[in-house]
Every structure is written in C-alpha cells, then in structure tokens.
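Geometric and topological summary
Residues per chain, in single letters:
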Amino acid sequence: MLKLQRKISIPVYILFIIVLFGVVGISYSIWGNASVARGTEVSDVTGQAMPEVTKVVWWHSMGGENGKVVDKLVTNFNAVHNDIKVEAVYQGSYYDSLTKLKASFGSKIGPTLAQVYDIGTKFMIDSKAITPMQQFIQQENYDTSQLDEAIMNHYVVDDTLYSMPFNASNSLLYYNKDMFKAAGLNPEKPPLYFDEVGQAARKLSRENAWGAYFGIQSWYMEQFVANQGAELVNFGNGREGLATAWQLNGSEGVKVLTWWKELVDSKAAVPAAGKSDESKKWFIDGKVAMILDTTASLRDILNGVNGRFEVGTGFFPKAPGDKGSIMVGGGSNWIMNNRSDAEQKAAWTFIKFISEPEQQAFFHVNTGYFPITKAAYDQPLVKENLAQFPQFGTAIDQHQASEMSRASQGGVLGVYPDARKLTENAVNEALSGVKTPQEALDAAAAAINAKIAAYNSQL
C-alpha cells in the first residue's frame, strides 16, 4: 500500500508544480497586459518608463477624400506624440454632427474636440459647453499673428476667439473651358458680373447641355448679399448686439433672386431644385458649363474630370458696382469643457500641430481649403501645386482681395441652421414661380425672425 502511494505521489507533485507555474505565468501575462493599459507603470525593453497616454476623441465632418486627408493629419500627429493619441471619428454632415454634439451635452459620451461649421458659432458660445480657445492662447502667449486675420476674425466674437479655424473656404465660379471655346467665349476670361454670366449662359446652352446650374444653397444667397456690402442680420451682423432680424429679404437679396429667376426662365440655367453636389456631378459629366461651388470641392472636381476637359475657376459673380467682399466659410474646432484639464491641453496641442505651416500646406493642396496659417503659402508643396494647378490660385486671390467688414465677417445667429433651410425653401419657391422673389424672401424672414425671438428668449 505504501509502495503504491509513493508511485502515485511523484507524478502528483510534478503536476502540482506545473500547474503552479502555469497559473503564475497566466497571472503575469494578465497583469502585464493590464499594466500596458495603465501606461506609466510599464517599461519598454530598455527599462525606460513609458509615458501615460492621453486620449483625444475628435468629431469631424470631413467625408470622402477630405476624410482621408484628415486621417493622415491625425496619423502624422500620433507618430510624433507618444503621450497623446487622437482618434478622429466622422459624424456625418455638418448639420448631423452638430445635432449629435447637442445630444451629447451634459454627458461623457461626447468628444474632447469637435469640428463645427461656421454658422454654429453663436449656438456653441451660448451652450456654455466649451472652453474658449482664447484661454489657451493667453496661457502660453501663443502667437496669433501667424494666422490669417480674415479667417480668424470670422470666429472672433466680443474680442474673444472661441474656436480655432480649421477648414476655411469661399465660393467660386467653376466653368468648362472647352465648352467656352466651342461657344466662341474667351476661356481665359470667366464672366464676373450678373449680365456677363447671363449672356455666357445663354450662349453655352444647347441640346443636352445647360449654360449654368446653381445649386439651391442659402450660402450662395448669403454670399451674393455680402458681396453687395449688406449684412445678413441686424446689429452689425449680430456682432455689436444680439441679432433680432434676418435681413436677406432686403433689396440686395431681392435683386439677386430676381436675376437668378431670369436665368432660369430664359432656359439658360437648370430650373430643377438641386443641391450643389448634384450640380457638381453634372459639371464633371460635361452636362453644364458653369456652376457655383466651394473652393473645397476643387480637388474633387479636378480628380473627377480627370483631364477630359480643362477646368476654369473664376470669382464669385456680383452686380456692377458691388463693393462688398466674399465671406469665409467652412468650420472650426471647439474644445469641450466637461473633459479633464489633461484632455483639453492635449486637444490644444493637436490644434497647434494641425495649424503648423507644413500641415496646413498638406491640407490645402489635398482639399482646396485655404491655409489658416500665412506661412503655409511659402511651403514648396503649395508653390509646386499652384504651378501645376493654377485653379487653386483663384480662391486665394479672391480671399486676399476681400476687405474685412461686418458684412464679410459673416452673421452670428443662434438659429442659423434653421435660417438656411427656410431660405433654401424660399429660393426654390421663387425659382419655380410659386411666389415672387420678394414674397418668398419676406415669408422666410418672418419665419426666421419668429425662431430668433424664441431662441433669444431662452438666453
């Protein structure tokens, strides 16, 4: 019996030792992985302590090819910052992204950093959910003189820079130079004034092709009015006091919409109500000779045309005698104040990085947006791109030729997204003949003013 116990006990002890070491090994593996997540408790192969990583979640609205450019900026940043990791998350259109951001207020499900389109400025300030960019600027005496003044001032309210501009744009006239040649028009001289655009559109219209197709976007109406030196809302475009009235139904707006309707009625312009992305497709397909679109579409248009015809770019149309200037469009980045100081500082570090001349040059060349940093224009990449694609120079020239004023600075309005939707409905009603331009714009202004009053009453 004793002999039998001895024979059995030896393998049992060995088995016990094997199991013991196995458990220790598993435990070591588990805690080792856990310590990696803790960051500072981990050492690399050289024995040096690895820094704790601060994560920054960035919500943005850059889709398609522009989204790939944004991802590259993030990759570039993460490669040179081992203590910060930025995660870019696409949230859909500007409107959809802002809607999601509103829903996240008061919770921890939102981002550290959010890109918001320019017309969301007033709402973001009133939300009390953000840390003004001015705070970080003052803390380290960040040199804002390196930034494009006109772009930066678009986001300055009450002498405070609340957000950092990121993607800046303006509106351009895109035209098909080959179609211009075929119609006997000078392909090197795009039409600038309303009557010139109309004459060109009528000459360019033929079977299976249209002279012009202007997508029904409120932004274009706003640009037309600002180009006349008029303000969109009262009290200095809402920058000298709380705006209480939408003014697009003034004589400037009626003049523009009347001219636009005449283009459609003369069958020189596409009568259908279409967004600018549809007009862009028609342009790329060679079905229309002239469109209006953002400078941010330039790279996409050039890639889409792919050399099938020569793309021309011209200044945004205006009436003779107009002395106004084009407004800056696009978006800016906002830091949320419900995040830790470490996260907010990390977000500020990322903002400074993507504002550097090298990063802005890369962003500009691959999207068409303006560089927000003036020194980006001196980068070899920008100079080489301009030499190869002179179309990029048009938006830059138009931007630099614009004088800063309350009109060109743009409106500040809490219900701006709603105002745009109502304006687009008005443009559609006028072009389709349901209402006269004055009637359509008056009705839209009344509806917008009611929304302004309701919003202001909650402040």
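An account of the accompanying structure is given in this report. This is a predicted model, so every value here is computed, not measured.

Analysis parameters
Residues numbered from 1 in each chain as written. Predicted model: local features only at pLDDT ≥ 70, side-chain atom pairs only at ≥ 80, totals over all residues. Heavy atoms only, no water. Pairing = 2+ DSSP bridges. Helix = DSSP H or I, 4+ residues; strand = E, 2+ residues; numbered from the N terminus. Axes fitted to C-alpha atoms, helices over the stretch in contact; angles between N-to-C directions. Contact = heavy atoms within 4.5 Å. Buried < 20%, exposed > 50% of the residue type's maximum accessible area, 1.4 Å probe, protein only. Salt bridge = Lys/Arg side-chain N within 4 Å of Asp/Glu carboxyl O. Core = buried A, V, L, I, M, F, W, Y, C linked by side-chain atoms within 4.5 Å. Expected span 1.5 Å × (residues − 1).

**Digging into the sheet that holds strand S11 (residues 311–314)**
Taken in spatial order, the four strands of this open sheet run S9-S10-S8-S11, and their pairing is mixed. Lying at the two open borders of the sheet, with one neighbouring strand each, are strand S9 (210–213) and S11. Here the strands of the sheet are splayed against their neighbours by 25° on average, with no regard to which way each runs. With three bridges connecting them, S9 and strand S10 (residues 288–294) associate as parallel partners. From the neighbouring strand, Ala212 faces S10, where its bridge partner is Met290. Where helix H9 (residues 218–226) meets the sheet, it contacts strand S8 (171–176) and S10, and its direction lies at approximately 85° from that of S10. Contacting S8, S10 and S11, helix H13 (residues 298–305) runs over the sheet at an angle of about 155° to S11.

**Re the pairing of strand S12 (residues 329–336)**
Most of S12 sits inside the fold, with eight of its eight residues counted as buried. By the alternation rule, side chains of S12 split into Gly329, Gly331, Asn333 and Ile335 and Gly330, Ser332, Trp334 and Met336, which are all buried. Of the pairings in the sheet, the one linking strand S3 (residues 113–117) to S12 comprises five bridges and is antiparallel in character. Residue pairing for S12: Val116 is matched across the bridge by Ser332. Where strand S4 (residues 130–131) lies against S12, two bridges are found, and the strand directions are antiparallel. In the strand pairing of S12, Ile130 is matched with Met336. Here five bridges tie strand S7 (residues 164–169) to S12, and the two strands are oriented antiparallel to one another. Of the residues in S12, the one forming a bridge with Ser169 is Gly329.

**A closer look at the pattern of salt bridges**
Counted according to the given criterion, the structure contains 13 salt bridges. Close ionic contact of Lys177 with Glu310 constitutes a salt bridge, the shortest N to O distance being 3.4 Å. In this pair, Lys177 sits in helix H7 (residues 177–182) while Glu310 sits in the loop between H13 and S11, placing the two residues 133 residues apart along the sequence. Residue class for Lys177 comes out buried when judged on its relative accessible area of 10%. Between Arg406 and Glu240 there is a salt bridge, with its nearest N and O atoms 3.0 Å apart. Of this pair, Arg406 sits in helix H18 (residues 406–409) while Glu240 is found in the loop between helix H10 (234–238) and helix H11 (251–265), placing the two residues 166 residues apart along the sequence.

**Things to note about the nonpolar core**
Met124, Trp246, Trp260, Met290 and Leu413 are the most contacted members of the largest nonpolar core, which totals 73 residues. Not counting residues within four places of it along the chain, the set of residues in contact with Trp246 comprises Glu222, Leu232, Val233, Leu413, Tyr416, Ala419, Thr423, Ala445, Ile448, Asn449 and Ile452. Listed in part, the 60 residues of the second largest apolar core include Phe77, Met164, Val270 and Phe353.

**Topic: helix H14 (residues 341–354)**
If you check H14, its first and last C-alpha atoms are 20 Å apart, about what 14 residues at 1.5 Å a residue would give, namely 20 Å. Along H14, the residues that are buried comprise Glu343, Gln344, Ala346, Ala347, Trp348, Phe350, Ile351, Phe353 and Ile354.

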